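Tertiary structure, described
The lines below spell out each chain.
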Amino acid sequence: MTKEDVKCLIPAGLDGKADILFGNLEEICLFHRDEFLKDMEACNFHIELVALCFTKRKDAFYKLYSQYCQNHPRSESLRELIGENNAFFQSCQMKLGHKLPLAAYLLKPIQRVTKYQLLLKDLLHYRDNEKTSQDLQEALDCMLVVLKCVNDSMHQIAITGFRGNLTEQGELLLQGSFSVWYESKKDRLLRLKPMQRHLFLYQKAILFCKKTAAHTKATYQFKQCLKMSQVGLTETVKGDSRKFELWLQGRQEVYIIQATTLEQKQSWVNEIKRVLLEQLQELRGEKIRQYSANFAKMRQATSLDTTSQSSCNRSISSDDTRSHPDEDSQASSDYSNSDDEDSFMDHHSGKSLTGKYIALADYDAVGHSEVSMKEGDPVELLKVGCAGWWYIKLAGSQSEGWVPASYLEHSGRKSSRSCQSVSSQASNNTE
């Protein structure tokens with residue numbers, strides 16, 4: 001994007017947006033090459049040292065991958081806006097000799113980071129002693145937090161119909177499915193039958209979405225947005241310990257939310273309380289600053305006696321030191337990917353994913369759950385997983401396993417990229 005010979009091909013919507021397109025991908029590459037890889041090589045196959053590699057770098061893992069995952073929806077939206085088949089992308093792909101489109105490479109960090117928790121779970125089976133087990137469990141907990149961030153991000157990408165900007169809602173804190181009852185005093189509406197909704201809790205808002213049918217890939221149709229600055233919380237609803245309430249001012253609108261488990265309910269209540277408490281403290285601080293500024297102006301404009309000044313200063317001090325109880329914001333997380341499995345519909349194009357596929361490039365399996373394939377191998381899709389992984393069966397054999405979906409192309413939909421590749425290959429053979 002910085003070379004003069006290709007600048008004329010860059011679409012207007014992409015110019016100057018390399019940071020959105022790639023996010024912090026370069027930082028992730030440097031981290032793995034210069035830090036994490038060297039740590040792993042120095043372990044010399046000692047399990048406890050492998051665990052230490054993860055715990056020592058846990059802050060870097062979370063920071064780098066949370067930033068990348070939060071930006072990934074923006075990157076995907078940008079690529080959709082300008083189109084994957086634009087002249088600039090195709091020119092770069094041909095010049096670099098890449099068999100896969102750009103989207104496949106941008107998804108690689110998300111796909112690879114999901115594998116670390118599997119490695120650590122396997123190592124737990126070969127622990128030498130209790131201390132090693134504790135070290136491995138700590139490392140596993142660290143990577144599960146990173147995995148949660150990845151999983152939340154992939155769900156967030158599937159939100160449709162929201163006209164605002166998701167990045168403006170702040171950090172995505174939690175997401176999950178609930179049963180929801182709705183009451184409205186304004187419309188005199190009481191819904192007795194629960195609605196099934198998938199909720200996304202951001203720092204500044206809660207989104208209510210409707211999940212599509214079970215036979216399609218997880219897609220969340222936007223239905224309602226509640227700003228956290230307007231929300232009230234009732235932690236306990238009589239009759240069911242799994243329920244809590246969110247309501248707007250004066251309880252004009254009330255949302256009764258039932259979690260699947262008590263643990264899920266408690267994690268959401270704790271996180272919502274933490275957000276509301278932070279807002280309260282920010283609001284209180286802003287009011288103090290405004291009061292202080294107004295008081296300073298008033299003191300410049302009028303002559304105040306010592307007594308009145310002392311009284312005003314005391315009132316500021318009293319408000320400033322008012323305390324609030326600390327809230328427990330520890331939340332348990334669900335790392336299940338079941339929402340994405342057994343899905344056979346592309347939520348962007350609406351086309352069926354079923355059928356035969358062809359491998360675009362060689363892929364070497366990493367671990368017993370994956371399967372290797374060669375360029376041109378025909379395969380059959382068996383199941384769609386999360387983070388861009390598909391479970392396939394190699395045609396003419398009993399070999400089955402996971403592979404990156406970006407390595408596959410539907411055999412009935414030959415892309416122009418494939419045609420160009422064949423044409424180029426034919427030309428080379430002629431030469």
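Everything in this summary refers to the structure shown in the same document. (Residues numbered from 1 in each chain as written. Predicted model: local features only at pLDDT ≥ 70, side-chain atom pairs only at ≥ 80, totals over all residues. Heavy atoms only, no water.)

1. What about the pairing of strand S13 (residues 400-404)?
Judged by how many residues are buried, S13 sits mostly within the fold: four of five residues are covered. Here five bridges tie strand S12 (residues 389-394) to S13, and the two strands are oriented antiparallel to one another. Considered in S13, the bridge of Ile-392 is made with Gly-401. Hairpin connection, S12 to S13: the antiparallel pair is bridged by five residues, and Gly-396 has positive phi, about 80 degrees. (Buried < 20%, exposed > 50% of the residue type's maximum accessible area, 1.4 Å probe, protein only. Helix = DSSP H or I, 4+ residues; strand = E, 2+ residues; numbered from the N terminus. Pairing = 2+ DSSP bridges.)

2. Some remarks on the nonpolar core
The nonpolar side chains of soluble globular proteins are, as a tendency, buried together. In terms of nonpolar packing, the biggest core is built from 44 residues, with Leu-14, Phe-54, Phe-61, Leu-120 and Met-143 touching the most fellow members. Listing elements by their share of this core, those giving two or more residues are helix H2 (18-22), helix H3 (25-41), helix H4 (47-56), helix H5 (58-82), helix H6 (87-96), helix H7 (102-113), helix H8 (116-124) and helix H9 (130-157). When residues of this core are assigned to their parent elements, the largest contribution, twelve residues, is made by H9. Non-local contacts of Phe-54, meaning those with residues more than four positions away in its chain, are made with Phe-36, Phe-61, Tyr-116, Leu-119, Leu-120, Ala-139, Cys-142 and Met-143. One finds Tyr-182, Leu-233, Leu-248 and Trp-268 within the second-largest nonpolar core, a separate group that totals 25 residues. (Core = buried A, V, L, I, M, F, W, Y, C linked by side-chain atoms within 4.5 Å. Contact = heavy atoms within 4.5 Å.)

3. Details of H8
Burial in H8 covers these residues: Tyr-116, Gln-117, Leu-120, Leu-123 and Leu-124. Buried residues of H8 fall within an arc of 120 degrees about the axis and therefore sit on the same side. Contact partners of the buried residues in H8: H3, H4, H5, H7 and H9. (Arc of directions from axis to C-beta.)

4. Structural notes on the environment of Arg-274
Relative to the assigned elements, Arg-274 resides in helix H10 (residues 262-301). With a relative accessible area of 18%, Arg-274 lands in the buried category. Considering only alpha carbons, one finds Arg-274 and Gln-203, 71 residues apart in sequence, at a separation of 9.9 Å. There is a polar contact of 2.7 Å between the side chain of Arg-274 and the side chain of Glu-278. (Polar contact = N/O pair within 3.5 Å; in protein donor to acceptor, adjacent residues only side chain to side chain.)

5. A look at the side chain of Ser-66
Here Ser-66 lies in helix H5. Separated by 3.2 Å, the side chain of Ser-66 and the backbone oxygen of Lys-63 make a polar contact. Apart from the residues within four sequence positions on either side, Ser-66 is in contact with Phe-61 and Cys-149.

6. Brief notes about the packing of H8 against H9
Where H8 meets H9, the axes come as close as 9 Å, and the angle between the chain directions of the two elements is 160 degrees. Viewed along their axes, H8 and H9 adopt a mutual orientation that is roughly antiparallel. Read as a crossing pair, H8 and H9 show a hand that is left-handed. In this structure, H8 contributes Tyr-116, Gln-117, Leu-120, Lys-121, Leu-123 and Leu-124 to the contact, and H9 contributes Ser-133, Leu-136, Gln-137, Ala-139, Leu-140, Met-143, Leu-144 and Leu-147. The class makeup of the residues in the contact of H8 with H9 is ten nonpolar, three polar and one charged. (Axes fitted to C-alpha atoms, helices over the stretch in contact; angles between N-to-C directions. Parallel < 35°, antiparallel > 145°, perpendicular 65-115°, else oblique. Left-handed = near helix turned anticlockwise from the far one by under 90°. Nonpolar A, V, L, I, M, F, W, Y, C, P; charged D, E, K, R; others polar.)

7. Here's the deal with the packing of aromatic side chains
Going through the model one piece at a time under the given rule, you end up with 19 aromatic pairs. Centroid distance Phe-61 to Tyr-65: 6.0 Å. Interplanar angle 15 degrees. Geometry classified as stacked. Placement of the pair is Phe-61 and Tyr-65 together in helix H5, with a separation of four residues, close to one helical turn. You'll find Phe-61 and Tyr-65 in the same group, each marked buried. (Phe/Tyr/Trp six-rings, centres within 6.5 Å; stacked < 30°, edge-to-face > 60°.)

8. Quick word on the sheet that holds strand S11 (residues 378-384)
Paired through their backbone hydrogen bonds, the strands of a sheet run either parallel or antiparallel. The strand order across the open sheet formed by five strands is S13-S12-S11-S10-S14, and the pairing between neighbours is antiparallel. Sheet topology places S13 and strand S14 (408-410) at the edges, where each strand pairs with a single neighbour. Neighbour to neighbour, the strand axes of the sheet diverge by 50 degrees on average, direction disregarded. When strand S10 (residues 356-359) meets S11, the two strands line up antiparallel, connected through three bridges. Residue pairing for S11: Lys-356 is matched across the bridge by Glu-380.

9. Overview of the packing of H3 against H4
One can describe the packing of H3 onto H4 by two numbers: an axis separation of 9 Å at closest approach and a directional angle of 160 degrees. With respect to each other, H3 and H4 are oriented roughly antiparallel. The two elements H3 and H4 cross, and the hand of that crossing is right-handed. Facing H3, whose interface residues are Phe-36, Asp-39 and Met-40, H4 presents Val-50, Cys-53, Phe-54 and Lys-56. Its residues assigned to classes, the contact of H3 with H4 shows five nonpolar, no polar and two charged.

10. Looking at the pattern of salt bridges
One pass over the structure, following the stated rule, counts 15 salt bridges. Put simply, Asp-240 and Arg-242 hold a salt bridge, and the shortest N to O gap is 3.4 Å. Take Asp-240: its relative accessible area is 16%, and that puts it in the buried class. Arg-242 gets classed as partly exposed once you look at its relative accessible area, which sits at 30%. (Salt bridge = Lys/Arg side-chain N within 4 Å of Asp/Glu carboxyl O.)

In short, geometric facts, not functional conclusions.
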